Amino acid sequence: GESVGLHLPTLSVQEGDNSIINCAYSNSASDYFIWYKQESGKGPQFIIDIRSNMDKRQGQRVTVLLNKTVKHLSLQIAATQPGDSAVYFCAERVGGTSYGKLTFGQGTILTVHP
Amino acid sequence: DTAVSQTPKYLVTQMGNDKSIKCEQNLGHDTMYWYKQDSKKFLKIMFSYNNKELIINETVPNRFSPKSPDKAHLNLHINSLELGDSAVYFCASSQGTGGGISQPQHFGDGTRLSIL
């Protein structure tokens with residue numbers, strides 16, 4: 001399968017469970033954070049974003065939590081479905097003159113078992 | 001109605017050749033990007049253009065040359081291809097580059113470049 005040899009963090013859940021994917025970011029000057037989902041053979045797909053002046057943001061079945069004190073970001077997926085199986089990336093943008101440059105985390109492989 | 005489209009989807013070529021990848025976005029965005037994703041799925045930015053002007057140029061070999069004929073297009077030309085250039089190359093676009101607005105980047109589906 002696609003995950004062979006990748007050595008990314010993995011998370012396996014049963015369909016219907018809630019999933020939590022974690023991300024540690026590196027730069028305390030980062031002001032904007034995004035979660036992306038990447039399915040096999042596809043490009044990263046935007047899921048949800050959050051600005052640094054917030055600590056929580058909710059979307060449809062997804063919630064992003066931001067803890068600036070420890071530079072930690074998490075993505076919670078409620079009632080996980082097999083279609084949620086993918087690689088999930090967090091990305092950060094440094095404020096100021098970064099010109100929109102995103103720095104991506106290493107990715108987490110989420111596998112949802114029916 | 002594809003938002004960010006790249007061509008070709010697959011590119012297999014010999015070492016030493018020169019090749020180009022094209023990208024077009026129909027989102028009306030003014031900023032476009034090229035990323036490289038290696039075999040370990042690590043995504044790294046290479047270049048960014050805002051309104052046809054180069055604004056991000058990471059440490060990339062000068063064999064890689066981006067070109068933006070207009071703000072809806074950003075092409076990537078690669079000279080003298082090497083084995084280490086094998087990767088998936090993604091184009092992305094966003095509205096603006098930062099400031100007080102949340103501006104997620106939207107990605108194409110990638111060009112899988114394999115060097116023989």
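Note that the structure is a prediction, hence the values are computed from the model and not measured.

This brings us to the side chain of Gln-6 of chain B. Residue and element names in this part refer to chain B. Turning to its location among the elements, Gln-6 is positioned in strand S1 (residues 4–7). According to the relative accessible area criterion, Gln-6 is buried, its value standing at 10%. A polar atom in the side chain of Gln-6 sits 3.1 Å from the backbone nitrogen of Gly-110. Those residues within four positions of Gln-6 in sequence are excluded, and the remaining contacts are Ile-21, Lys-22, Cys-23, Trp-34, Tyr-89, Phe-90, Cys-91, Gly-108, Asp-109, Gly-110 and Thr-111.

Okay, the pattern of salt bridges next. Counted under the stated rule, the structure contains eight salt bridges over all chains. When salt bridges with common partners are traced through the structure, they connect Lys-101 of chain A together with Lys-44 and Glu-58 of chain B into a single cluster.

So, on to the pairing of strand S9 (residues 87–94) of chain B. All names here are of chain B. The element S9 is extensively covered by neighbouring structure, given that eight of its eight residues are classed as buried. With burial as the criterion, each face of S9 is covered, one bearing Ala-87, Tyr-89, Cys-91 and Ser-93 and the other bearing Val-88, Phe-90, Ala-92 and Ser-94. Looking at chain direction, S9 and strand S10 (residues 106–107) are connected through two bridges and run antiparallel. If you follow Ser-93 over to S10, its bridge partner there is His-106.

A few words on the layout of surface pockets. Of the volumes computed, that of the largest pocket is approximately 250 Å³. Lining the largest pocket are 16 residues, and of these Gly-43, Pro-44 and Gln-45 of chain A together with Phe-107 and Asp-109 of chain B lie nearest its centre. Looking at the lining of the largest pocket, the elements that each hand over two or more residues are strand S3 (30–38) and strand S4 (45–51) of chain A together with S10 of chain B. Of the residues belonging to the lining of the largest pocket, the class tally is six nonpolar, six polar and four charged.

Rules used throughout
Residues numbered from 1 in each chain as written. Chains lettered and ligands numbered in written order. Predicted model: local features only at pLDDT ≥ 70, side-chain atom pairs only at ≥ 80, totals over all residues. Heavy atoms only, no water. Helix = DSSP H or I, 4+ residues; strand = E, 2+ residues; numbered from the N terminus. Buried < 20%, exposed > 50% of the residue type's maximum accessible area, 1.4 Å probe, protein only. Polar contact = N/O pair within 3.5 Å; in protein donor to acceptor, adjacent residues only side chain to side chain. Contact = heavy atoms within 4.5 Å. Salt bridge = Lys/Arg side-chain N within 4 Å of Asp/Glu carboxyl O. Pairing = 2+ DSSP bridges. 1 Å grid on protein atoms, 1.4 Å probe; cavity = no way out; pocket = protein on both sides within 12 Å on 5 of 7 lines; lining within 4 Å. Points joined across faces, edges and corners; volume = space filled by probe spheres on them. Nonpolar A, V, L, I, M, F, W, Y, C, P; charged D, E, K, R; others polar.

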